[in-house]
Amino acid sequence: MQSVTRLTLLLCAAWAAALLYGEMAAYWAARLSCSWPSSPTSSSTSPSDNAKIAVVADPQLMDSTSLGLPPSSIALQAAEFYTDLNMRRSFQSVILPFKPDVLLFLGDYFDGGPYMSNEEWHESLSRFNHIFSMNEHITNPNIPIYYLSGNHDIGYSAFHKIHPEVITRYEKEFGKRNYQFSAGKVDFVVVDAQTLDGAKESKERSSSWEFIKTLSSGNKSNPKVLLTHIPLYRPDNSPCGPHRSSPVINQRVSSAAMDQGITYQNYLSKETSDLLLSLLKPVVVLSGHDHDQCTIAHPTPFGPVTEHTLGTISWQQGNLYPSFMLLSAGPKLPANSTDIEHEVLTNLCFLPKQTHIYIWYIFQFVVTILLLILWPTNGLRSLPYVNAFVSFMRSVAAELFSRTKEKDDEEDGDYEMVWDAEGSMHLVKKAVAKTPGSSSESKATGRGSVVARATARRHQLEPDSSVLVEMSSEMTPEDGGKVPRSSKLKIRRVLQRLFRVIQSIVVIAALNVPLYMMLLFKDWIDR
């Protein structure tokens, strides 16, 4: 039983280490693996001139439209809880410790935003505020937060003609859909990409393009960063860089009948993309919507423009490698400078692979059950093959030591020099007189010693005939009672092992379930 106890304690320690890493240390590792981007010229500029911006894309909170389950389903509630918890922990343990000056969200805050009732929509909004600490004082109240509308928030242009109230509902909580803000002497232009390819007579489309044209004729001294939820057009099968973890998604556009607008699109149209780049002339474009990372350079008459499509922050949105971005908006460069890469610097940061962590928990649980079921009561030494291996290793060691001893004895002997008739010298080992040894049948140890002869040993080892008769009669009873007794013994052993497994599981759970619950709710409860 000592072996089983040691195994139970070892499994307790293994589970504690797995939980501490998966629920806490993995986020510390993600935090340490990333940093704010810096340029070679940063030493010549004041750090106060640089704005530090943390960028998050596509939280897309799960709801009743995500898995096709009713809102009261336990499975849906569990999925919502663990998804919300992971994003909240990522935001608090990884993103906030960087102390950003600005928080920027690139859209798709809800999964079924346009289709939810007002009650469910506000419930999702409350979850969003809880996940990203909007109701707490962890974040500095002076830190500005900027939002970008996504297709999962307000839908596409064809949906707006039927349900214009979704835009009103969004703007009431998140603000305007087209606006501009400045950080670090860099202008950030936010556009409602869902309306840009809409019907020509749509007022939403007209208002978006009027805003863009107004900016194109305004101040051109500051570099611009274009923020659009839907990425710009790219040719099919365009490479997305080394950070892409899934196959590239090509363009797909669905339009409503009678030119009533777009019902779905993976990217903006080529005409819209080219017009945006020519009017705004951005130095960098940030987008979301794709749920996976993609970096691509768009050729323009004024030089290539890099677009960074951010992956989702949620581990439940088809990306095994959730991420966020740290962006540094530096000071305005001199008029004769063409180094636009140093005006806006970006660094893509990856969050813990939560799917892999849960897979590891399942694997460790299976291994724990198998070890508890198959582990011998007296340890590995009780297994025949283990004993045979140990005996073999002992015999090999004994043989090696015995040979070494014989060799040492031969080397330790005395030698004398002998010359033959030809005058050659030889070393000859001296003969050693041996003391008379004991005979094979007996060994005398001195006066009054007892002599153990072979016949005596034979009598000692001979078992009692009465015992043999009793054992044989017990093993082979006349009424055939051997099978029932053997089956009862097997059942008893199975029950004992089952009880031992349950007992060990209870001990492991008693030590690790409180630890797991503490790790869960320390990040979930509002502070």
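Just so it is clear, the structure is predicted and the values come from calculations on it, not from any experiment.

Caption draft 1: Representation of the environment of Ser314. Inspection of the secondary structure assignment puts Ser314 in the loop between strand E11 (305-309) and strand E12 (323-329). When the C-alpha positions of Ser314 and Leu61 are compared, they lie 8.3 Å apart, and in sequence the two are 253 residues distant. Residues within four places of Ser314 in sequence aside, it is in contact with Asp58, Pro59, Thr83, Met87, Asn319 and Pro322. Looking at Ser314, its side chain comes within polar contact range of the main-chain nitrogen of Gln316, at 3.2 Å.

Caption draft 2: Looking closely at unusual backbone geometry. Phi angles above zero are rare outside glycine, and Asp108 is one such case at about 55°. Relative to the helices and strands, Asp108 resides in the loop between strand E2 (102-105) and helix H3 (118-131). On the basis of relative accessible area, Asp108 is assigned to the buried category, the value being 1%. Positive phi, normally seen in glycine, also occurs at His289, with a value near 75°. Looking at where His289 falls in the secondary structure, it is placed in the loop between strand E9 (284-287) and strand E10 (294-298). Assessed through its relative accessible area of 12%, His289 is described here as buried.

Caption draft 3: Just the environment of Ile249, in detail. Relative to the assigned elements, Ile249 resides in the loop between strand E6 (224-228) and strand E7 (253-255). Owing to a relative accessible area of 36%, Ile249 belongs among the partly exposed residues under this scheme. As for Ile249 and Asp292, which are separated by 43 residues in sequence, their C-alpha atoms are 9.7 Å apart. Those residues in contact with Ile249, other than ones at most four positions away along the chain, are Arg244, Asn266, Tyr267 and Asp290.

Caption draft 4: Representation of the UniProt feature "transmembrane region" (unreviewed entry) in the chain within the structure. The sites that carry the UniProt feature "transmembrane region" (unreviewed entry) are, in the present numbering, residues 357-375 and 498-521. Between the C-alpha atoms that bound residues 357-375 the distance is 26 Å, and the span itself is 95% helix and 0% strand. With 100% helix and 0% strand, residues 498-521 has end C-alpha atoms that lie 33 Å from one another.

Caption draft 5: Local environment of helix H9 (residues 354-374). Here H9 is 21 residues long and its end C-alpha atoms lie 30 Å apart, about the 30 Å a rise of 1.5 Å per residue gives. Within the sequence span of H9, burial applies to Gln354, Thr355, Ile357, Tyr358, Tyr361, Gln364, Thr368 and Leu372.

Caption draft 6: Fine view of the sheet that holds E9. In space, the six strands of this open sheet follow the order E4-E5-E6-E9-E11-E10, with mixed pairing throughout. Two strands close off the open sheet at either side, each with one partner strand: strand E4 (179-183) and E10. Pairwise comparison of adjacent strand axes, ignoring direction, gives a mean angle of 20° for this sheet. Bridge count for E10 against E11 is five bridges, and the pairing is antiparallel. When the bridges of E11 are listed, Ala297 appears paired with Thr306.

Parameters at a glance
Residues numbered from 1 in each chain as written. Predicted model: local features only at pLDDT ≥ 70, side-chain atom pairs only at ≥ 80, totals over all residues. Heavy atoms only, no water. Helix = DSSP H or I, 4+ residues; strand = E, 2+ residues; numbered from the N terminus. Contact = heavy atoms within 4.5 Å. Polar contact = N/O pair within 3.5 Å; in protein donor to acceptor, adjacent residues only side chain to side chain. Buried < 20%, exposed > 50% of the residue type's maximum accessible area, 1.4 Å probe, protein only. UniProt positions renumbered as here; feature names shortened; annotations may be inferred. Expected span 1.5 Å × (residues − 1). Pairing = 2+ DSSP bridges. Axes fitted to C-alpha atoms, helices over the stretch in contact; angles between N-to-C directions.

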